[in-house]
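# Survey of secondary and tertiary structure
Single-letter residue listing:
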Amino acid sequence: MSILNDFRRLTGPQRHTFVAAFLGWTMDSLDFFLLIFCVKAIAADFHAQPSAVMGAVFMTQFFRPVGALVFGMLADRYGRRPVLMANILSFTVIELACAFAPSLGALLALRALFGLAMGGEWGVGAALAFETLPTEGRGVFSGILQEGYALGSILAAGAFALFFHSIGWRGLFILGAMPALLVFYVQARVAESPVWLEGKKKRLARTAEDAIRARAGDLT
């Protein structure tokens, strides 16, 4: 009941932010686990060993920390909301590109890029959510957000079971690009982090003060 009470206390914008962060993490997981389920099919298509295709999984995981750092820096500079939109769009576009990979080498390169985008999603989405949500109940909200990853793996398993035999691994990767539609939801319903906006206001004020001091120094 306390969980329901925590949600009832949220304002409309806060609910939209939480939903966007949750779905972003879910779709991130969906795209990643589609690759896991399709390893054998990809190996057969490229006449390679499954262990060679697992290199795509390694590339994804290897570049995740780099993506977290890059997108985190961008979010600090340009805002959580636009960077989250760019992040979601980037990993879904790369997922779509994977469906048309002409070789295993091309797929490995694309999965490295996917790892960059995947690494940024959690940090940026979590920052936007926690800077928007009230302090009370953040522990609960954090736990629920983490479950978005589990839900993504379940959806990937369901998609594989239902559609693999009819559309193949390339078709599943095309299906995995559908989360790009989430960008429209973020654009229409999600507001920028109030914490980031307040920080931007302070930075602009400091810049203006520094400019005034510089002019005063020139006059003297």
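In this text, all values refer to a predicted model and were calculated from it rather than measured experimentally.

### Focus on the overall build of the protein
- A count of helical and extended segments in the protein gives 9 helices and 0 strands.
- Shown N-terminal to C-terminal, the secondary structure of the protein runs as helices and strands in the order α-α-α-α-α-α-α-α-α.
- Expressed as lengths along the three principal axes of its C-alpha atoms, the size of the protein is roughly 75 × 50 × 25 Å.
- Looking at the protein as a whole, 41% of its 220 residues qualify as buried.
- Summarising the internal contacts of the protein: among those between residues at least 6 apart in sequence, 83% fall at separations of at least 24.
- Taking the 19 positively charged and 15 negatively charged side chains of the protein as two groups, their mean positions are separated by 3 Å.

### Concerning a positive patch on the surface
- A surface patch of like charges, here positive, comprises Lys 200, Lys 202, Arg 203 and Arg 206.
- Among the structural elements, Lys 200 can be located in helix H9 (residues 194-219).

### Considering the side chain of Arg 81
- Position of Arg 81 among the secondary structure elements: in helix H5 (residues 80-98).
- In this structure Arg 81 is buried but unpaired, with Glu 192 as the nearest side chain of opposite charge at 6.3 Å.
- Among the polar contacts listed, one links the side chain of Arg 81 to the backbone oxygen of Gln 187, at a separation of 2.8 Å.
- Setting aside anything within four residues of it in sequence, one finds Arg 81 in contact with Leu 128, Val 186, Gln 187, Val 190, Ala 191 and Glu 192.

### Remarks on the pattern of salt bridges
- Here the structure, examined in full by the defined rule, presents 5 salt bridges.
- Between Asp 45 and Arg 170 there is a salt bridge; the shortest N-O distance is 3.4 Å. Taken as a pair, Asp 45 in helix H3 (residues 39-45) and Arg 170 in helix H7 (residues 138-175) lie far apart in primary sequence, 125 residues in all.
- In this structure, Arg 80 engages Glu 131 in a salt bridge whose closest nitrogen and oxygen atoms are separated by 2.8 Å. Within this pair, whereas Arg 80 is found in helix H5, its partner Glu 131 is found in helix H6 (residues 104-132), the two being separated by 51 residues in sequence.
- Looking at Glu 131, the relative accessible area reads 18%, which means it is buried.
- Three or more residues are tied together by salt bridges with common partners; here these are Asp 76, Arg 80 and Glu 131.

### Examining the packing of helix H4 (residues 50-78) against H5
- Interhelical geometry of H4 versus H5 gives an angle of 145 degrees and a closest axis separation of 7 Å. Between H4, through Phe 71, Leu 74, Ala 75, Asp 76 and Tyr 78, and H5, the contact on the second element is made entirely by Arg 80, Pro 82, Val 83, Asn 87 and Ser 90.
- Residue composition of the contact of H4 with H5, by class: 6 nonpolar, 2 polar and 2 charged.

### Brief notes about the nonpolar core
- The biggest cluster of nonpolar side chains holds 45 residues, and the ones touching the most others in it are Leu 34, Ile 42, Ile 88, Leu 107, Trp 169, Phe 173 and Val 186.
- At the level of secondary structure, the elements contributing two or more residues to this core comprise helix H2 (12-37), H3, H4, H5, H6, H7 and helix H8 (182-189).
- Counting residues in each nonpolar core, the second largest holds 8 residues, with Leu 10, Phe 18, Ala 21 and Leu 145 among its members.

Conventions we followed
- Residues numbered from 1 in each chain as written.
- Predicted model: local features only at pLDDT ≥ 70, side-chain atom pairs only at ≥ 80, totals over all residues.
- Heavy atoms only, no water.
- Helix = DSSP H or I, 4+ residues; strand = E, 2+ residues; numbered from the N terminus.
- Buried < 20%, exposed > 50% of the residue type's maximum accessible area, 1.4 Å probe, protein only.
- Contact = heavy atoms within 4.5 Å.
- Lys, Arg positive; Asp, Glu negative; His and termini not counted.
- Charge placed at Lys NZ, Arg CZ, Asp CG, Glu CD.
- Patch = residues over 30% accessible without salt bridge, like charges linked within 9 Å, V, L, I, M, F, W, Y side chains within 5 Å.
- Areas by Shrake-Rupley, 256 points an atom, 1.4 Å probe, with all protein chains shown as cover.
- Salt bridge = Lys/Arg side-chain N within 4 Å of Asp/Glu carboxyl O.
- Polar contact = N/O pair within 3.5 Å; in protein donor to acceptor, adjacent residues only side chain to side chain.
- Axes fitted to C-alpha atoms, helices over the stretch in contact; angles between N-to-C directions.
- Nonpolar A, V, L, I, M, F, W, Y, C, P; charged D, E, K, R; others polar.
- Core = buried A, V, L, I, M, F, W, Y, C linked by side-chain atoms within 4.5 Å.

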